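Listed below are the residues making up each chain.
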Amino acid sequence: PITNHLELHRLEPVALVNRELHDWATEDRLWKDHCYQLCEGKQGTQHLLSDTNNTSNEQPPLPWKQKYLLALKDSKRQRITPQEVSYYSWKLLYKRNGSNLGLRKFLPDGTYQSPYFGRCEWTLSKDDGCLQVMGHSLVVERDPETWGWIIGRGSSTVYHSVDVQTWDWAIAKGNSTVHYRADGV
């Protein structure tokens, strides 16, 4: 249909023209395609790309247009949650050099196992959203390219979020560079 070639912001006016165009502009398959395009290679979006809600089977899956709008809204969020800190694995860059010791993990119980300093505690400041770890307060910000997170940009210790689900999805699609660039920028 013609709606496959329209930009999304043009679908609403088209949907008002007549019933047939309304049906095309609101077709779930169309929004599914747009949702996949929007979320391709983006961190933290794989749950939206499922045909289910990952909840009880009693609830029908969300319509794709709603999933698209949720992804777009979430991409603009600037505060990380404690659950996200512990969900992601983290690529450590120290003085702009990648660590040879693998990805890091902040655990849900508020601990972090440093290969150098052992078990440490971490928290998120409720005031400014900074990550407090090993006596340091590290600014947390959104990565607009990947929709992931960067902890400590501008400091000697920087962490880039790595979403294992996004990584697996990208590998399956033949793209192994989606979740972070080698230079860490």
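Placed above this text is the structure.
Residues numbered from 1 in each chain as written. Predicted model: local features only at pLDDT ≥ 70, side-chain atom pairs only at ≥ 80, totals over all residues. Heavy atoms only, no water.

Draft legend 1. Examining the nonpolar core more closely. Ranked by size, the top nonpolar core spans 17 residues in total, and within it Trp-90, Phe-106, Trp-122, Leu-131, Ile-151 and Tyr-159 carry the most contacts. Elements with a contribution of two residues or more to this core: β1 (89-94), β5 (118-124), β6 (131-133) and β9 (149-151). Looking at which element gives the most residues to this core, the answer is β5, with three residues. Those residues in contact with Phe-106, other than ones at most four positions away along the chain, are Val-85, Ser-86, Trp-90, Thr-111, Tyr-112, Trp-122, Leu-131, Val-133, Ile-151 and Tyr-159. Leu-8, Ala-25, Cys-39 and Trp-64 belong to the second largest nonpolar core, which has 15 residues in total. (Core = buried A, V, L, I, M, F, W, Y, C linked by side-chain atoms within 4.5 Å. Buried < 20%, exposed > 50% of the residue type's maximum accessible area, 1.4 Å probe, protein only. Helix = DSSP H or I, 4+ residues; strand = E, 2+ residues; numbered from the N terminus. Contact = heavy atoms within 4.5 Å.)

Draft legend 2. Just the side chain of Ser-75, in detail. Tracing the backbone through its elements, the reader meets Ser-75 in helix α4 (residues 64-75). Note on Ser-75: relative accessible area 14%, which makes it buried. Sequence-distant contacts of Ser-75, that is, excluding residues within four places in its chain, are made with Arg-142 and Trp-147.

Draft legend 3. Representation of the pairing of β1 in the model. Burial within β1 is extensive, with five of its six residues counted as buried. Direction of pairing for β1 relative to strand β3 (residues 104-105): antiparallel, over a ladder of two bridges. Its bridge partner being in β3, Ser-89 is matched across the sheet by Lys-105. Looking at chain direction, β1 and strand β10 (residues 157-162) are connected through six bridges and run antiparallel. In the strand pairing of β10, Tyr-94 is matched with Thr-157. (Pairing = 2+ DSSP bridges.)

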